[in-house]
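Single-letter residue listing:
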Amino acid sequence: MLGVTRRACGRLGHRGLTLTRVRPNNYFPVRYFCDEGIQDPRDQPRESMEYDVVIVGGGPAGLSAAIQIMNSGLAKEGEGVSVCVVEKGAEIGSHILSGNVFDPIALNELIPDWREKEAPLNTSVSQDKFYLLSETGAIPCPIPPTLQNHGNYIISLGDLTKWLSEQAEELGVEIYPGFAASELLYDKDGSVVGIATRDVGISKQGQVKDTFTRGIELRAKQTLLAEGARGSLSEEAIEKYDLRKGKDVQSYGLGVKEVWEIDESKAKPGLVMHTVGWPTPKDTYAGSFLYQMEPNLVLCGYVVGLDYQNPNISPYQEFQKWKHHPKVKEMLEGGRCVSYGARVINEGGYQAIPKLTFPGGALLGCAAGFVNIARIKGSHCAIKSGIEAGKAVVEFLESENTQVNGIELKTYQTQMENSWVFEELKQVRNIHPAFKKFGFYMFMLYSALETFILKGRGWWTFRNTISDADKTGKLKDHPAIEYPKPDGKISFDLLTNLQRSGTYHDDDQPSHLVVKDHLQSVPVDVSYAEYGGPESKFCPAKVYEYITEDDGSNPRLQINAQNCLHCKTCSIKTPKEFIRWTVPEGGGGPQYSGM
């Protein structure tokens, strides 16, 4: 692997060349030009490497696809199959964040002997609890079938992905963490023929540094996009090939999570607790999870649907407030918070799943929206999508079409539609949209009807045609929210918690968070003026701030891109979706451990 990495990443020798930035603003796209007669090094040809399959994203879906392909008979014949996985995180698992109560149904299929191979599934669920919270009370509720977790495991999904990467490498998969895929490569006919990684070594001022390295082209017969929810290349493919045609608009939630170490005398490994109700307003879709994992870890978090209306809501502050409920505080008191993170999750469900294939590639896992929000689970669906994509790739490579670009893996679409994943998602398709349709209390009754009795057999399907950004209300129409100050023991200020994420970006690089060209006036004239700058409240990393004069005049948006947790919320919830999220230099971002 080291030999390949050096060959792929050797410097191209462009030292001392200075580019000038046209628009000197910290939140607009950087434009470069060169002095006459000097060639822009970014126009130099990129080195290229050829593979049968390139997979973007080293999470459960991408790694499962790689394993499935390499476990095939084809991989063991002749010259075998070449599979490459690129991951923008510094290490496999460093950008993985999930609850996670894990259903092993798909893992059983992918690696039947996972127990013998010591997969990190060590804490079996022993007890489920579900509460409706008031400010001080907790009403026990019947456990809906979707939240019954007998046979499941409380895990660190990051640890599981590390283990999956080890299984993949043993089979011959080439895995490259720290490489950010920034472009899809297209053939003349418009089909995808691979990806390119981001150029590195460009300063914030637009100067080529001594460390400049041109990106690499990784060309493939099939390109599988497994970037997770709202991946930049996945969204590009969805738009280019109109993969959402006839589908609902995808909606999302923001999950904020902490890992705590508590006294072993208080620990109850195997406990799973979910709550709804307090502290979030009843018109906002939200809920919590709290899982206890061996030996003495508490994984707790809060998910707020991004279709909320009040622009003053801060999902992070809702989470901090929730931890002070007596039912939660008693478990955390005396403990120590050791990790923090945040990530968006898909909440659109069955109705919002796009077409899965496009010429030359396919969408896997959360990139396609395979999340059962009623179960608060998606990892099992992601692994299954990797399995089916892997099977379809093998079928394609065994065919006579491997010399033809732009082949679609149509059997992948068919197999997923006929799988338990689609059946599972179809059964709960009406639960999330019912919240907006009926309101909190009727939603609770309707959810019980769906999960206990109907199980998705109704003839109706509730639809969503409005984006989360367009559901945000104007500031003048909603009450202010005053959140309590953190006590430093149970609740924490955001920047203190951010340190626990380990997030890091080289400050001397162009911002990967940019205002879209045609929306340059939106931050000040629309977001700040009409909505109060909701991005300064919903961002779980304090990336967005509005700076004004002492008298409140002359507001301007400041983007602290170095704080970014890669949660993607800003690309979803800013008014008019004015932020374009692109990948930073590879290896940047959070350094999650045990999440």
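Per an unreviewed UniProt entry, the protein is named Electron transfer flavoprotein-ubiquinone oxidoreductase, and its organism is Amorphochlora amoebiformis. As its UniProt record puts it under Sequence similarities (unreviewed entry), the protein is described as follows: "Belongs to the ETF-QO/FixC family." You can read under Catalytic activity (unreviewed entry) in the UniProt record for the protein the words "a ubiquinone + reduced [electron-transfer flavoprotein] = a ubiquinol + oxidized [electron-transfer flavoprotein] + H(+)".

**Student:** Before we go on, may I ask you to explain the overall build of the protein in this structure?
**Tutor:** When its secondary structure is counted, the protein shows 16 helices and 26 strands. Compactness check: the protein gives a C-alpha radius of gyration of 24 Å against a globular reference of 25 Å for 595 residues, within 12% of the reference. Reported as C-alpha extents along the three principal axes, the dimensions of the protein are approximately 70 × 65 × 50 Å. Within the protein, buried positions represent 60% of all 595 residues. Counted over contacts in the protein with a minimum sequence separation of 6, partners at least 24 positions apart contribute 78%. Carbon together with sulfur atoms contributes 48% to the accessible area of the protein, which is approximately 24100 Å² in total. Each charge sign in the protein was given a centre, from 64 positive and 74 negative side chains, and these centres are 4 Å apart.

**Student:** Would you take a moment to explain the pattern of salt bridges for this structure?
**Tutor:** A side chain with one charge may pair with a side chain of the opposite charge, provided their charged atoms come close. Overall, the coordinates contain 21 salt bridges when judged by the stated rule. A salt bridge links Arg46 to Glu183, with the shortest nitrogen-to-oxygen separation between them at 2.8 Å. With Arg46 in the loop between strand E2 (32-33) and strand E3 (48-56) and Glu183 in strand E11 (residues 181-186), this residue pair connects regions lying 137 residues apart in the sequence. Taking the shortest distance from any N to any O, the salt bridge between Glu530 and Lys474 comes out at 3.2 Å. Note that Glu530 is positioned in helix H14 (residues 522-531) and Lys474 in the loop between helix H12 (440-454) and helix H13 (494-499), a separation of 56 residues in sequence. The class for Glu530 is partly exposed, based on a relative accessible area of 33%.

**Student:** So what exactly am I meant to see when it comes to the nonpolar core here?
**Tutor:** Note on soluble globular proteins: their nonpolar side chains tend to be buried together. Ranked by size, the top nonpolar core spans 80 residues in total, and within it Leu224, Phe370 and Tyr412 carry the most contacts. A per-element tally of this core places helix H8 (residues 379-397) first, with 10 residues. Excluding residues that lie within four positions of it along the chain, Leu224 makes contacts with Val53, Val54, Ile55, Val56, Ala65, Ala362, Leu364, Ala389, Val393 and Leu409. Core analysis: the next-biggest nonpolar cluster, separate from the first, contains 75 residues, Tyr302, Val303, Ile490 and Val526 among them.

**Student:** It is not clear to me how the packing of helix H2 (residues 60-70) against H8 should be interpreted in this structure. Could you clarify?
**Tutor:** Each pair of packed helices can be summarised by the angle the axes make with each other and by the distance between the axes. Contact geometry of H2 with H8 gives a least axis separation of 7 Å together with a crossing angle of 35°. As H2 runs across H8, the sense of the crossing is right-handed. The residues of H8 that touch H2, namely those facing Pro60, Ala61, Ser64, Ala65, Gln68 and Ile69, are Ala382, Ile383, Ser385, Gly386, Ile387, Gly390, Lys391, Val393 and Val394. Residues that form the contact of H2 with H8 fall into these classes: 9 nonpolar, 5 polar and 1 charged.

**Student:** Sorry if this is basic, but what is going on with the side chain of Lys573 here?
**Tutor:** Examined against the element boundaries, Lys573 turns out to sit in helix H16 (residues 570-573). For the buried residue Lys573, which engages in no salt bridge, the nearest side chain bearing the opposite charge is Asp468, 6.0 Å off. At 3.0 Å, the side chain of Lys573 and the backbone oxygen of Asp468 are in polar contact. Only 2.8 Å separates the side chain of Lys573 from the side chain of Thr472, close enough to count as a polar contact.

Conventions we followed
- Residues numbered from 1 in each chain as written.
- Predicted model: local features only at pLDDT ≥ 70, side-chain atom pairs only at ≥ 80, totals over all residues.
- Heavy atoms only, no water.
- UniProt positions renumbered as here; feature names shortened; annotations may be inferred.
- Helix = DSSP H or I, 4+ residues; strand = E, 2+ residues; numbered from the N terminus.
- Rg over C-alpha atoms; globule rule 2.2 N^0.38 Å.
- Buried < 20%, exposed > 50% of the residue type's maximum accessible area, 1.4 Å probe, protein only.
- Contact = heavy atoms within 4.5 Å.
- Areas by Shrake-Rupley, 256 points an atom, 1.4 Å probe, with all protein chains shown as cover.
- Lys, Arg positive; Asp, Glu negative; His and termini not counted.
- Charge placed at Lys NZ, Arg CZ, Asp CG, Glu CD.
- Salt bridge = Lys/Arg side-chain N within 4 Å of Asp/Glu carboxyl O.
- Core = buried A, V, L, I, M, F, W, Y, C linked by side-chain atoms within 4.5 Å.
- Axes fitted to C-alpha atoms, helices over the stretch in contact; angles between N-to-C directions.
- Left-handed = near helix turned anticlockwise from the far one by under 90°.
- Nonpolar A, V, L, I, M, F, W, Y, C, P; charged D, E, K, R; others polar.
- Polar contact = N/O pair within 3.5 Å; in protein donor to acceptor, adjacent residues only side chain to side chain.

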